Amino acid sequence: MDSDDESEAVHSVFNTVSQEGGKIFEQREILQIDYVPSENRIVGRDEQIEKVAGEIGPIVVGQPPNSIIIYGKTGCGKSLVAKHVSKIAREEAENRGVKLATGYVNCQQAKGNSDALSKYGRAINPPESGVKFPTRGISENEYFERVWSVLNEFYDAAIIVLDEVDKLNNDDLLMALSRAGEDGSVDVPIGVIAVSNKINYRDKMSERTKSSFGHNEFIFEPYDADQIREILQNRTDAFADGVLDDGVIPRAAALSAKEHGDARKAMRLLRYAGDQANKENAERVKESHLTDARASAEVDRLLELISGLPPHSKHVLLALANLTKNHPDREWFRTVRVREIYLEVCDRSGADPLSAERTRQLLNELCFLEVAGSRRGTGEGKGHYSQYTLLWDADIVLTLGN
Ligand SMILES: Nc1ncnc2c1ncn2[C@@H]1O[C@H](COP(=O)(O)OP(=O)(O)OP(=O)(O)O)[C@@H](O)[C@H]1O
């Protein structure tokens, strides 16, 4: 392809798409959500980096470290800090003549414990090793054996980052890894850095795993407006020189801090504002572009939340959205009311409705995902009942669901 090709799009709907990202962006990828900033661009997490490094620290001299678990809402820098600490630990260990294996596994992308182990095995397996980590076909035990053999033969110590650890079916892997050194399965010390955005994951852990992680739990708070402003300010080289109006970043930061404190979403908002300016063929990104960007960001956020839901959860959500839309004077609805509309939604979509009890459970799951909210009400002599409210714009939900 000719990179100087300035030819017009064949289809006018693609007119605003260009290799360079239009007039507005210089390096749009800097605002992509998977872009990992270099260490001098990690904002406001010095204290957390120090604490995590403090617990995992002994590993750099080949001594057993403390395994840790980091909790916090989405986009508050958990994975970034975990990856960063494991990277600098590897550099420090190398500096001290210790061979440290480091590997990162996102458990959401792993199909269970065996797959997570296999991914870790492949991440640390040196080219000269004869050990194979097939994607399937061997037992979980065999994966363990192979990981141990690679560690024993090629390394002095190991760190494993298990991101979204709550997505594994159980905590067996967490426990096996954090206890491996003690129970003699492997000759090198292992440090586990587990990451989860479900604070109540702790309740699902067995007592033994809890005691392995002891008091080494860190909770990362969402970012405040100043921190988000600095994070965004550090990414302005995504834009062409001088195209960003002065008020855009402070406003994007203020909105993001108020709504979620999530760095990833804040970057997405800024990127969408740039896209919006491009679409309008504007010379500059203005605060007004944030308004449209917010609508797109909201849709994306909700899509992310509900994308993995089974059909009946979506039917229940649609029922709540319909109620909300049709009763602008009311916010809260009792389970029975939601169920009535749910039955209509099922009827329309030709689905067999689930039981009343199951409907209630699905409503509670929507609350857990922060798509809906719940409260207890007291009836006149009728005891307690639950009420639900939609935490999202009903129109957005209905557009996505229909
Ligand atoms: N302190 C920070 N400084 C600079 N950029 C940051 C910071 N925190 C987060 N980011 C940006 O936001 C992105 C998302 O952060 P990260 O993956 O660490 O979130 P998380 O807390 O692990 O969230 P999730 O639970 O959704 O995975 C990072 O890749 C990075 O681009």
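Residues numbered from 1 in each chain as written. Predicted model: local features only at pLDDT ≥ 70, side-chain atom pairs only at ≥ 80, totals over all residues. Heavy atoms only, no water.

**A look at the sheet that holds strand β7 (residues 372-378)**
We count it as follows: For two strands to pair, DSSP has to find at least two bridges joining them. Helix and strand labels come from DSSP, where a helix needs a run of H or I of at least four residues and a strand needs a run of E of at least two; each type is numbered from the N terminus.
Read from one edge to the other, the open sheet built from three strands follows the order β6-β8-β7, with strand pairing classed as antiparallel. Because the sheet does not close on itself, it has two edges, and the strands there are β6 (333-334) and β7. Here β7 pairs with strand β8 (residues 384-390) via seven bridges, running antiparallel. Residue Arg375 lies in a different strand from β8, and its bridge partner there is Gln387.

**Describing the site of the ligand**
The condition is simple: Residues are labelled near a given molecule or strand when at least one of their non-hydrogen atoms is within 4 Å of it. The term polar contact refers here to a pair of N or O atoms within 3.5 Å; inside protein, the definition further demands a hydrogen-donor-capable atom paired with an acceptor-capable atom, and it admits residues adjacent in sequence only when both atoms are side-chain atoms. Working definition of accessibility: Shrake-Rupley area with a 1.4 Å probe, residue cover restricted to the visible protein chains. As a working rule, the residues Ala, Val, Leu, Ile, Met, Phe, Trp, Tyr, Cys and Pro are called nonpolar, Asp, Glu, Lys and Arg charged, and the rest polar, with Gly in that last group. Domain limits in this description derive from either an automatic procedure or a database domain assignment.
Around the ligand, the structure places 22 residues, and the nearest of them are Val43, Lys78, Ser79, Tyr223 and Arg264. Interatomic distance of 2.8 Å between a backbone N/O atom of Gly75 and an oxygen atom of the ligand. Contact between the ligand and Leu80: an oxygen atom at 2.9 Å from a main-chain N or O atom of the residue. Against a free-state accessible area of 630 Å², the protein chains account for coverage of 94% of the ligand. Among the elements of the structure, α2 (78-95) and α10 (263-279) are those that each provide at least two residues to the shell around the ligand. Its residues assigned to classes, the shell around the ligand comprises 11 nonpolar, five polar and six charged. Mapped onto the domain boundaries, the shell around the ligand takes at least three residues apiece from domain 1 (21-29 + 223-305) and domain 2 (45-219).

**A short note on the UniProt feature "binding site: ATP" in the protein**
Filter applied, for reference: UniProt positions are given in the numbering used here, feature names are shortened, and annotations may be inferred rather than shown by experiment. Exposure classes here rest on a 1.4 Å probe applied to the protein chains alone. A residue is buried below 20% of its type maximum, exposed above 50%, and partly exposed in between. Contact between two residues is taken to exist if any of their heavy atoms lie within 4.5 Å; hydrogens are not considered.
As annotated in UniProt, the feature "binding site: ATP" corresponds to Tyr223 and Arg235 in the numbering used here. Within the secondary structure layout, Tyr223 lies in the loop between β5 (217-220) and α8 (225-233). Residue classification places Tyr223 among the buried residues on the basis of a relative accessible area of 5%. Once residues within four sequence positions are removed from consideration, Tyr223 is found in contact with Val43, Arg45, Gly75, Cys76, Gly77, Ile228, Ile231, Ala257, Gly261 and Ala263. One polar contact links Tyr223 to Arg45, side chain to side chain, over a distance of 3.4 Å. Residue placement: Arg235 occurs in the loop between α8 and α9 (248-259). Apart from the residues lying within four places of it in its own chain, the contact partners of Arg235 are Ile30, Leu31, Tyr35, Pro37, Arg41 and Met267.

**Details of the pairing of β8**
β8 sits mainly inside the fold: six of its seven residues count as buried. By the bridge criterion, two bridges tie β6 to β8 in an arrangement that is antiparallel. Each residue of the ladder has a partner; that of Arg334, found in β8, is Gln387.

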